[in-house]
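What follows is the residue order along each chain.
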Amino acid sequence: MAAVLDSVRALFAPKIETAFRIDRENPGDVLARERLLDAAMGPMRKRKSSEAIRRDRIPAEGLALVVRDVSGHVIGTVRLWNIQAGITPGGRAVPALLLGPLAVDSTHEGKGIGGALMRAAILEAKKLGHGAILLVGDAPYYERFGFSTDKTVTLMMPGPFERHRFLGLELKEGWLDGAAGIIVPTGRKLAVSATRKAA
């Protein structure tokens, strides 16, 4: 992880580098992360199609990242999730990642934090051997990181989604070739608490 983050930091001026750091999310970040997402995405964020894939799942190993300010407060977050991106014509399941949500505290927007976080997530996913990343988001923003609709035309989200916002990035060339079908979650499930079972 350190080598990946060093590579990302090298893209930014020293002033930006000292203003924040990218780190792995830890259990103590949960409340801050959820508050940040509520503020950035609004109350409807849990009704999105992407949320159906994330619900009751654990992010992909090593791919839940946060940005901390100089005081250690969480000011940015991104997580990636294990999915099956359809199947090939030969019937092979295509493992991939779903990225999101990505959010940066509004008081820190315009500082390059979101871009640094995206680059760190992509580099880390590649380092861990993943073949592709999918997301639903604004194409003009994510195209700068190599995302496009070219590899998602035969894939579908589970539920309503805007086709022009469904984007893919291959980390391994040809990974999504021939992949077709509905995106389904494959990540580990959260442990269900005794209280929840009783409800």
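Just above sits the structure.
Here the structure is a predicted model, which is why all the values come from computation and not from measurement.

Engineer: Just to check I follow, could you spell out the overall build of the protein for this structure?
Structural biologist: Scanning the protein from N- to C-terminus turns up seven helices and nine strands. Buried positions account for 43% of the 199 residues belonging to the protein. Of the contacts formed within the protein by residues at least 6 apart in sequence, a portion of 69% connects residues at least 24 apart.

Engineer: Explain a nonpolar patch on the surface here, please?
Structural biologist: A grouping of Met156, Ile182 and Val184 is seen on the molecular surface, where their side chains present a nonpolar patch of about 240 Å² in accessible area. Structurally, the position occupied by methionine 156 is in strand S7 (residues 155-156).

Engineer: Looking at this model, I keep getting lost on helix H5 (residues 113-127). Mind explaining?
Structural biologist: Three or four residues apart is the spacing at which side chains of an α-helix point the same way, because the helix has 3.6 residues per turn. When the terminal C-alpha atoms of H5 are compared, their 21 Å separation across 15 residues agrees well with the 21 Å that a helix rising 1.5 Å per residue should span. Count one or two residues on from H5 and you reach glycine 129, which has phi positive near 90°.

Engineer: Sorry if this is basic, but what is going on with the side chain of arginine 79 here?
Structural biologist: Relative to the helices and strands, arginine 79 resides in strand S3 (residues 74-87). According to the relative accessible area criterion, arginine 79 is buried, its value standing at 14%. Within the local environment of arginine 79, its side chain forms a polar contact with the side chain of glutamate 25, the two groups lying 2.9 Å apart.

Engineer: Would you mind showing me how to read the layout of surface pockets here?
Structural biologist: Counted as a void, the second largest pocket has a volume near 210 Å³. Taken together, 15 residues line the second largest pocket, and the ones lying closest to its centre are Glu25, Ile58, Pro59, Ala64 and Arg79. Of the residues belonging to the lining of the second largest pocket, the class tally is seven nonpolar, two polar and six charged.

Engineer: Explain the pattern of salt bridges here, please?
Structural biologist: Pairing is possible between side chains that carry opposite charge, provided their charged atoms lie close to one another. Scanning the entire structure with this criterion turns up 14 salt bridges. The salt bridge involving aspartate 23 is made with arginine 21; its shortest N-O contact spans 3.3 Å. Notably, a salt bridge pairs glutamate 124 with lysine 127, separated by 3.6 Å at the nearest N-O pair. With glutamate 124 and lysine 127 both in helix H5 and three residues apart, this pair spans about one turn of that helix. On the basis of relative accessible area, glutamate 124 is assigned to the buried category, the value being 0%. Each of Arg21, Asp23, Asp29 and Arg68 takes part in salt bridges that share partners, so that together they form one network.

Engineer: Before we go on, may I ask you to explain the pairing of strand S9 (residues 180-185) in this structure?
Structural biologist: It is a general feature of regular strands that their side chains alternate between the two faces of the sheet. Taken together, the four bridges between S3 and S9 define a ladder with antiparallel strand orientation. Bridge assignment links glutamine 84 to a residue of S9, and that residue is valine 184. Direction of pairing for S7 relative to S9: parallel, over a ladder of two bridges. Its bridge partner being in S9, leucine 155 is matched across the sheet by glycine 181.

Engineer: So what exactly am I meant to see when it comes to helix H3 (residues 30-41) here?
Structural biologist: Its twelve residues give H3 an end-to-end C-alpha distance of 16 Å, which sits within 8% of 16 Å, the value for a rise of 1.5 Å per residue. Next to the buried residues of H3 lie S3 and strand S5 (103-104). Positive phi shows up at glycine 42, right after H3, with a value of about 85°.

Engineer: Looking at this structure, I do not really get the nonpolar core. What am I missing?
Structural biologist: Nonpolar side chains in soluble globular proteins generally cluster together in the buried interior. Ile22, Leu99, Met118, Ile122, Ile133, Tyr142 and Phe147 are the most contacted members of the largest nonpolar core, which has 30 residues in total. Those elements that place two or more of their residues in this core are strand S1 (20-24), strand S2 (64-69), S3, strand S4 (93-99), H5, strand S6 (132-136), helix H6 (139-142) and strand S8 (166-170). With eight residues, H5 is the single largest residue contributor to this core. Methionine 118 has contacts with Leu99, Leu102, Tyr142, Phe145 and Phe147, leaving out every residue within four places of it along the chain.

Engineer: It is not clear to me how the environment of alanine 120 should be interpreted in this structure. Could you clarify?
Structural biologist: Locating alanine 120 in the fold gives a position in helix H5. Separated by 97 residues in sequence, alanine 120 and aspartate 23 place their C-alpha atoms 9.6 Å apart.

Reading guide: rules and limits
Residues numbered from 1 in each chain as written. Predicted model: local features only at pLDDT ≥ 70, side-chain atom pairs only at ≥ 80, totals over all residues. Heavy atoms only, no water. Helix = DSSP H or I, 4+ residues; strand = E, 2+ residues; numbered from the N terminus. Buried < 20%, exposed > 50% of the residue type's maximum accessible area, 1.4 Å probe, protein only. Contact = heavy atoms within 4.5 Å. Patch = residues over 30% accessible without salt bridge, like charges linked within 9 Å, V, L, I, M, F, W, Y side chains within 5 Å. Areas by Shrake-Rupley, 256 points an atom, 1.4 Å probe, with all protein chains shown as cover. Salt bridge = Lys/Arg side-chain N within 4 Å of Asp/Glu carboxyl O. Expected span 1.5 Å × (residues − 1). Polar contact = N/O pair within 3.5 Å; in protein donor to acceptor, adjacent residues only side chain to side chain. 1 Å grid on protein atoms, 1.4 Å probe; cavity = no way out; pocket = protein on both sides within 12 Å on 5 of 7 lines; lining within 4 Å. Points joined across faces, edges and corners; volume = space filled by probe spheres on them. Nonpolar A, V, L, I, M, F, W, Y, C, P; charged D, E, K, R; others polar. Pairing = 2+ DSSP bridges. Core = buried A, V, L, I, M, F, W, Y, C linked by side-chain atoms within 4.5 Å.

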